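Each chain, letter by letter, is given below.
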Amino acid sequence: MSAADNDRTPVTVLGLGAMGTALATTFLENGHPTTVWNRSTDKAEELVAKGAVRAASAPDAAAASPLVVLCVLDHHAVSEILDTVGDALPGRVLVNLTSGTPAQARAAARWAAEHGADYLDGGILADPQDIGTSNGFLLYSGPQDAFETREATLKALGGVTTYIGTDAGQAAVYFMALIGVGYETWISYLHTLALVGAENIKATTFAPFVTGMFSGMNELLTAMARATDDGYYPPDAGPLGVHAALMDDLIATRQASGIDVERLEHVKSLIDRRVAEGHGADGFSSLIETIGNPST
Ligand SMILES: NC(=O)c1ccc[n+]([C@@H]2O[C@H](COP(=O)([O-])OP(=O)(O)OC[C@H]3O[C@@H](n4cnc5c(N)ncnc54)[C@H](OP(=O)(O)O)[C@@H]3O)[C@@H](O)[C@H]2O)c1
C-alpha cells in the first residue's frame, strides 16, 4: 500500500464549477473527508450526495481542513473569496488552482503570508474529465516544504504533478507559456484548415499530415531552445534569407484563397527586420532577438 493509499487528509474545495467539482469528486473518490463551498449553493448537491460536507460559508469551509483548494473563474473571484476567509486560514496550506498571471500569484502569496497560511499556486493543463487520471497535468509553485507535505494528496488530482520551484509566480509563468503555445498553434492550424478547405480538401484528409509533422518536431524544438540559450542561431530549417522568400509565396497562397494573412505578415516583418540587420544566414530561432526587444 502506497503513502497515497494511506492519506486521508481532510480537504476543502472552494468553487464548484466544472473544474472545482472534478477536483472535489476526485478527493472524495480517494477517501479524503471533503468539505465544499460554492457561491451558488445548488452546485454542491451532487457532491453532498457522494459524501461531501457542504459548509455554510467560505470561512467555515476554509476552517474545516488543513488543505484548502481554491478553484474559481478568475482572480476577481479569488479576491472576493480571500477577502472573507483570512481569519480562517492560519496554519493551513492554501492551494490556488484558479488560472491567473504570475503577478496575481505573487500577490496572493504575499496576502496568504500576512494571514499565516502557506500558499501554493497551481496551473491545470487538463480538462475536468482528466482530473484524477493519468492525463491530469498540474503544475505547482510556492514553498517546497508546503508542497512536499501535501504532495501525496495533490498527486491524486493528476498523473503528471510537477513542482516548479519556490517562487509562487513560476507555475503561472509555465502555465501561461504553455497555453500560449496551445493558442498560437491552434490558430495557425485553423488558418491551415481554412486554406486546404478553400481547395476542397477535407480537414480530416489533411490532418494526418499536420499530426505527422508535429510528431517529428521534438528535435527541432530542442535545437531552437538550445540556440536561444546559447545566443547562437544555426540555420534551423534553413536560413532567414530563404524563409523570407518562402513567406512571400505562403502569404500569396493564403491571400489567393481569401484567408486572413495578418499574423503571417507580422512573421514576415520580423524576418525582414532581422535580415536587414545582417542576420540573413541565421536560423528561424534568431527571431527571438527581435521578439524580446519589440521597440529596438
Ligand atoms: N474547465 C476547464 O476545462 C479548465 C481547464 C484548465 C483550467 N481551468 C481553470 O479552472 C478555473 C475554474 O474553471 P471552471 O471550468 O470550473 O469554470 P466554471 O465552470 O465557469 O466555474 C466558475 C466558478 O467560479 C465561481 N465564481 C465566479 N465568480 C465568482 C465570484 N465573484 N465569487 C465567488 N465565486 C465565483 C463560480 O461560482 P457560481 O457557481 O456561483 O457562479 C464557479 O464556481 C478557471 O481559472 C479555469 O481557467 C479550467
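Parameters at a glance
- Numbering of residues starts from 1 in every chain and runs along the sequence as written.
- Only residues with pLDDT of 70 or above have their local features reported here, since the model is predicted, and side-chain atom pairs are shown and tallied only from 80 upward, although totals for entire chains, interfaces and linings are computed over all residues.
- Remark: hydrogens and water are excluded; side-chain values derive from all non-hydrogen atoms of the structure.
- Runs of E in the DSSP output that reach at least two residues are strands. Runs of H or I that reach at least four are helices, and both are numbered from the N terminus.
- Think of it in three bands: residues with accessible area under 20% of the maximum for their type are buried, residues over 50% are exposed, and the middle band is partly exposed, with areas taken using a 1.4 Å probe on protein chains only.
- Whether two residues touch is decided by their heavy atoms; if any such pair falls within 4.5 Å, the residues are in contact.
- For every accessible area listed, the method is Shrake-Rupley and the probe measures 1.4 Å; residues are considered covered only by the protein chains on display.
- For the charge count, each Lys or Arg is scored as positive and each Asp or Glu as negative, with His and the chain ends excluded.
- Charge placement uses NZ in Lys and CZ in Arg. For Asp and Glu, CG and CD serve respectively.
- Any two strands with at least two DSSP bridges between them are considered paired.
- To get an axis, fit a line to the C-alpha atoms, keeping to the stretch in contact for a helix; angles then go from 0 to 180 degrees between the N-to-C directions.
- What makes a salt bridge here is a side-chain nitrogen of Lys or Arg within 4 Å of a carboxyl oxygen of Asp or Glu, nothing more.
- Throughout the structure description, domain borders are defined by an automatic or database domain assignment.
- By convention, the term buried area covers the 1.4 Å-probe accessible surface removed from two parts as they join, with the contributions of both added.
- For the purposes of these results, a polar contact is taken to be a pair of N or O atoms within 3.5 Å, where, inside protein, one atom must be able to donate a hydrogen and its partner to accept one; residues adjacent in sequence count only when each atom of the pair is a side-chain atom.

> Mind showing me how you'd approach the overall build of the protein here?
In terms of regular secondary structure, the protein is built from 13 helices and eight strands. Its C-alpha atoms put the protein at 65 × 40 × 40 Å along the principal axes. Residues counted as buried form 41% of the 296 residues belonging to the protein. Taking the intrachain contacts of the protein between residues at least 6 apart in sequence as the baseline, contacts between residues at least 24 apart amount to 61%. Surface accessibility of the protein: about 15,400 Å² in total, with carbon and sulfur atoms responsible for 56%. The centroid of the 17 positive side-chain charges in the protein is displaced by 3 Å from the centroid of its 35 negative side-chain charges.

> Please explain the sheet that holds strand β7 (residues 133-141) as it appears in this structure.
Either a parallel or an antiparallel arrangement is found when strands of a sheet pair, and the pairing is made through backbone hydrogen bonds. Taken in spatial order, the eight strands line up as β3-β2-β1-β4-β5-β6-β7-β8 in an open sheet, and their pairing is mixed. Because the sheet does not close on itself, it has two edges, and the strands there are β3 (53-54) and β8 (158-165). Across four bridges, the pairing between strand β4 (residues 67-70) and strand β5 (residues 93-96) is parallel. By the bridge assignment, L70 is partnered in β5 with N96. Packed onto the sheet, helix α5 (residues 75-85) meets β1 (11-14), β2 (34-37), β4 and β5 and runs at close to 145 degrees relative to β4. Along the sheet face, helix α7 (residues 144-155) touches β1, β4, β5, β6 (118-124), β7 and β8 and points at about 175 degrees away from the line of β8.

> Please explain the pattern of salt bridges as it appears in this structure.
When charged atoms on two side chains of opposite charge get close, those side chains can pair. Under the criterion given, the structure shown has eight salt bridges. Between D272 and K268 there is a salt bridge, and its shortest N-O distance comes to 2.7 Å. Linking D272 with K268, this pair stays in helix α12 (residues 262-279), spanning four residues, or about one helical turn. Its relative accessible area of 12% is what places K268 among the buried residues. A salt bridge links D282 to R274; the nearest nitrogen and oxygen atoms lie 3.8 Å apart. One exposure class covers both D282 and R274, and it is buried. By sharing partners, the salt bridges in this structure join R273, R274, E277 and D282 into a single network.

> Where do I start with the domain arrangement of the protein in this structure?
Much of the literature gives interface size as the accessible area that the parts lose upon coming together. The domains assigned to the protein are domain 1 (3-168) and domain 2 (174-291). The distance between the C-alpha centroids of domain 1 and domain 2 comes to 38 Å. With nine residues of domain 1 at the contact, the number on the domain 2 side is five residues. Three residues, L125, L139 and I164, lead the burial of domain 1 against domain 2; their summed loss comes to 53% of the area buried on that side. Viewed at the interface, domain 2 and domain 1 are joined by zero salt bridges. On the surface where domain 1 and domain 2 come into contact, there are zero residue pairs in polar contact (both at pLDDT 80 or more).

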